[in-house]
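Chain by chain, the residues run as shown.
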Amino acid sequence: MGLTLYATALLTMGGIYAVLTLGLNLHWGVTGLFNAGIAGFFAVGAYATALLTAPPGATPSGGLGLPVATGWAAAMLLSGALAWAIGKICLRLRSDYLAMATIGIAEILRLIVKNELWLTNGSRGIAGVPRPFEQLAQPWAELAFLLLVLAVLAIAYLLLETAVRSPWGRVMRAIRDDEAAAAAAGKDVAAFRLQAFVLGSMLMGLGGALSAHYFKYIGPEATQPLLATFLVWVMLIVGGSGRNAGAVAGAFLVWALWSATELLTNRLPPDWLTRAAYLRVFLIGFILQVVLQRHAGGVLPERTAVRRPGP
Amino acid sequence: MSVALLEVRGLARSFGGLRAVQDVDLDVAEGSITGLIGPNGAGKSTLFNLIAGALVPSAGRIRLAGEDITGLPPHALFRRGLVRTFQIPRPFQRLTVAENLLVVPPGEGEERLLAAWLARGRLARREAALRRRVDEVLRTLSLTPVADQPAGELSGGQKKLLELGRVMMAEARLVLLDEIGAGVNRTLLAELAGHIERLNRAHGVTFLVIEHDMDLIARLCDPVVVMAEGRILTQGTMAEVRADPRVIEAYLGAKAAHAA
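Notes on the structure follow. (Residues numbered from 1 in each chain as written. Chains lettered and ligands numbered in written order. Predicted model: local features only at pLDDT ≥ 70, side-chain atom pairs only at ≥ 80, totals over all residues. Heavy atoms only, no water.)

This brings us to the overall build of chain A. Scanning chain A for helices and strands turns up 13 helices and two strands. Whereas a compact globule of 311 residues would reach a radius of gyration of roughly 19 Å, chain A reaches 20 Å, a difference of no more than 12%. Within chain A, the fraction of its 311 residues that count as buried is 54%. Partitioning the intrachain contacts of chain A with sequence separation of at least 6 by distance along the chain shows that 77% fall at a separation of at least 24. About 13,400 Å² of surface is accessible on chain A, with carbon and sulfur atoms providing 70% of the total. Between the mean site of the 22 positive side-chain charges and the mean site of the 14 negative ones, chain A shows a separation of 6 Å. (Helix = DSSP H or I, 4+ residues; strand = E, 2+ residues; numbered from the N terminus. Rg over C-alpha atoms; globule rule 2.2 N^0.38 Å. Buried < 20%, exposed > 50% of the residue type's maximum accessible area, 1.4 Å probe, protein only. Contact = heavy atoms within 4.5 Å. Areas by Shrake-Rupley, 256 points an atom, 1.4 Å probe, with all protein chains shown as cover. Lys, Arg positive; Asp, Glu negative; His and termini not counted. Charge placed at Lys NZ, Arg CZ, Asp CG, Glu CD.)

Structural data, given as C-alpha cells:
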C-alpha cells in the first residue's frame, strides 16, 4: 500500500512535470525560444485555477467554487494571454531579450503572489483547491488522479507530436536553425514564434493548474525558479531537447532522481540537514553532467533524418 | 527593349556618418542576369540588403513589377517573388537536405497549426506532391544521395547547391545571388553557372548577381553594373565596363588607370 502510494505520487508528479517539459520543448527544442521564466506561467495557471475552483472563503477575496474544467481552461487562457503580451514585445528582438523578459516577469509574478494578500493570501497560499476523485477511497483516489494526469499528458503529447511533424513544425525547426534564412524563405518569423510561444506557455499554465489540484493547495514556494524553471530545463536537456518523447522521458527520469535525492539527504546527520536543499541541487547538476558526457543530445535525442515514405 | 522588373530610385542608407549607399538608381530588366560588381566596400552588399528587405533605406524607393516594395520585410518580398541567397550559405542545419527544400513553398494554409491537427489528409497529399518536386530538384543538383542527411553535415560546395535548390523551390521572379561563386572550385562554379543559366532561360527567372569572379560575371551577366563608394559608377556590357578607365581607377587607384 505504501509502495503503491509512493509510486503513484512519483508518477503523478512526473506526469505534471512532463506537461511542463513538453511546453518547454516546443519553446526551446523546436522553435529555439529561450524561456527562463517557466515558473511565471506555472504560477499564472496554478493561481487562476485555484481562485476559480476553491470554495468561497479560501482567500480574502474568496474562491468562486467553479468546476475544475473551468479552472483548467482559465489557466491555459491566462498563461496563453500573458505569453502573447510578452511575445508581442520581445519576439521581434534578439533571442536573449526573451530570456531576460521571462525571468523578469516570473519574478514579478512571484512577488505579486507573495504580497497581494487580498488576492493570493500571500505566503499562506490558497488551500482547499478541489482535487478530482478525492472523494474515492485510498488508493483509488490517488490512482484515478494519476490516470487523469496521464490522460492529459497523452493528449498534449499527441497534439504536439502531430504539430511538430507537420509543415508548421518544420517551419518552427527552420526558424530555430536560422532565423534570417527562414525569413528569406518567406516565413513570417515573428508570427510563427508567437504561436509556438503561446502554445507552449498554455501547457505550462496547465501544468501549474494540475499541480494546484494535486496538492489541493498553491503557495509561493511552488513557483520558485528552482522547482518550476531550473528543474524543467534539466528535464528537457537530460531527456533530449527537440524530441517530445525525450521531454517526457526526461521529466519522469529527473523527477525520480530528484525524489531519490530527498531519500538520501534525509539520512544526513542533523547539522548537514540545513544544507540538504543545496546538496540536492548539486546532485542534480552532477547527474546532468554525467548524462551529457555520455549522451550529448539527451537520453532520447532529436532524430534529424526523416524516414521517407515509400516510393 | 525589355521592361524593368526591379526599379531602384534615389536609394540611400547611412550607418552613422558612413554613407554606405547614396543616390542609387538601378533598373533590372525582366529576364536579364544583371551583374553587380565593384571593389570591397563599394556598397554592393548594403544595396542587396536594402532590396532584400534586411535593411530599411534612409531615402529612396524600390519597385518590383511596378509595386512599391520599399521597407517590406523579407517574408513579404518572398510572397511577391523576390528571394535572395546568402554569401555564406545558411542551411537549416538540423533539418535534412530534403526538409530544407520541403520547407520553402508556403502552400495555402498548409503551414497553419490547425491544419496540422484538422487537415491531416490534405497535408499528406500535398507532402507527397511536394516530395516529387523536391526529388526532382535534388536530382538536378546531384544532391539525391545526401537527401536524408542533416544539412549541417554537407560540404561547402553542397551547401552552395542547396542554397540554389531553395531558390528553385521558391519559384521566384527575381533572385538576388550574393557571391554564389565565393570559395568554390572551378568545376562546381561551372555547374552553378549552368543551373543559373537554365533557370534564366527555361523558367524566365531574373537575376541580380553580386560576384567577384570576373569570369563568372563575363559568362553570365549582361548588363554589368559597377558600384564604387556607395554610388553607381557606370553600367554596360562586360567588355564596355572593362575598358572604362573609371572602373579601372575604382579597382586599382588613379595611377593604374593612367598607366592603362
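The interface of chain B with chain A comprises 37 residues on the first partner and 31 residues on the second. When chain B packs against chain A, close to 3,000 Å² is buried across both sides, 61% of that on carbon and sulfur atoms. Across the chain B-chain A interface, the total number found is six salt bridges. The salt bridge partner of glutamate 302 of chain A is arginine 94 of chain B, with a shortest N-O separation of 3.2 Å. Broken down by secondary-structure element, the contributors of at least two residues to the side of chain B that touches chain A are helix H2 (74-79), strand E6 (82-84), helix H3 (97-102), helix H4 (113-118) and helix H5 (120-140) of chain B. A total of seven residues in the side of chain B that touches chain A trace back to one element, the largest contributor, which is H5 of chain B. Split by residue class, the side of chain B that touches chain A holds 20 nonpolar, three polar and 14 charged. (Buried area = accessible area lost by both parts, 1.4 Å probe. Salt bridge = Lys/Arg side-chain N within 4 Å of Asp/Glu carboxyl O. Nonpolar A, V, L, I, M, F, W, Y, C, P; charged D, E, K, R; others polar.)

Residues and elements named next belong to chain B. Evaluated as defined, the whole model comprises 27 salt bridges over all chains. Measuring nitrogen to oxygen at the nearest pair gives 3.5 Å for the salt bridge that ties arginine 122 to glutamate 110. One end of the pair, arginine 122, is in helix H5; the other, glutamate 110, is in the loop between H3 and H4, and twelve residues separate them in sequence. The exposure class of arginine 122 is partly exposed, given its relative accessible area of 36%. Using a relative accessible area of 9% as the deciding quantity, one classes glutamate 110 as buried.

Residue and element names in this part refer to chain B. Pairing within the open sheet is antiparallel, and its four strands lie in the order E2-E1-E4-E5. Each having just a single partner strand, strand E2 (18-29) and strand E5 (67-68) make up the two edges of the open sheet. Across five bridges, the pairing between strand E1 (residues 4-15) and strand E4 (residues 59-64) is antiparallel. Within the sheet, the bridge partner assigned to leucine 6 lies in E4 and is leucine 64. This element, helix H1 (residues 44-51), spans E1, E2 and E4 of the sheet and lies at about 115° to E1. (Pairing = 2+ DSSP bridges. Axes fitted to C-alpha atoms, helices over the stretch in contact; angles between N-to-C directions.)

All names here are of chain B. Taken in spatial order, the six strands line up as E6-E7-E8-E3-E9-E10 in an open sheet, and their pairing is mixed. Every interior strand has two partners, whereas the edge strands, E6 and strand E10 (231-236), have only one. Averaged over all pairs of adjacent strands, the angle between strand axes in this sheet comes to 20°, irrespective of strand direction. The pairing of strand E3 (residues 33-37) with strand E8 (residues 206-210) spans four bridges and is classified as parallel. By the bridge assignment, threonine 34 is partnered in E8 with leucine 208.

Let us look at the packing of helix H10 (residues 225-239) of chain A against helix H11 (residues 244-266) of chain A. Residue and element names in this part refer to chain A. For the pair H10 and H11, the least separation of the axes is 7 Å and the interaxial angle reads 120°. As judged from the angle between their axes, H10 and H11 are oblique. Crossing hand, H10 versus H11: right-handed. When H10 is examined against H11, the residues Leu226, Leu227, Leu231, Val234, Met235, Leu236, Val238 and Gly239 are found in contact with a partner set consisting of Gly246, Ala247, Gly250, Ala251, Leu253, Val254, Trp255 and Trp258. Looking at the contact of H10 with H11 residue by residue, the class counts come to 13 nonpolar, three polar and no charged. (Parallel < 35°, antiparallel > 145°, perpendicular 65-115°, else oblique. Left-handed = near helix turned anticlockwise from the far one by under 90°.)

What follows deals with the environment of methionine 76 of chain A. All names here are of chain A. Topologically, methionine 76 is positioned in helix H3 (residues 68-90). Between the alpha carbons of methionine 76 and valine 254 there is a distance of 25 Å; along the sequence they are 178 residues apart. Filtering out sequence-adjacent residues up to four positions away, methionine 76 remains in contact with Met202 and Leu206.

Of all hydrophobic cores here, the largest spans 135 residues; its most connected members are Tyr17 and Ile126 of chain A together with Phe207 of chain B. For this core, the leading source of residues is helix H9 (residues 189-215) of chain A, giving 14 residues. Apart from the residues within four sequence positions on either side, phenylalanine 207 of chain B is in contact with Val28, Ser32, Ile33, Thr34, Leu174, Val175, Leu177, Ile196, Leu199 and Asn200 of chain B. The next biggest cluster of nonpolar side chains, apart from the first, holds 26 residues, and it includes Ala52, Leu174, Leu208 and Ile210 of chain B. (Core = buried A, V, L, I, M, F, W, Y, C linked by side-chain atoms within 4.5 Å.)

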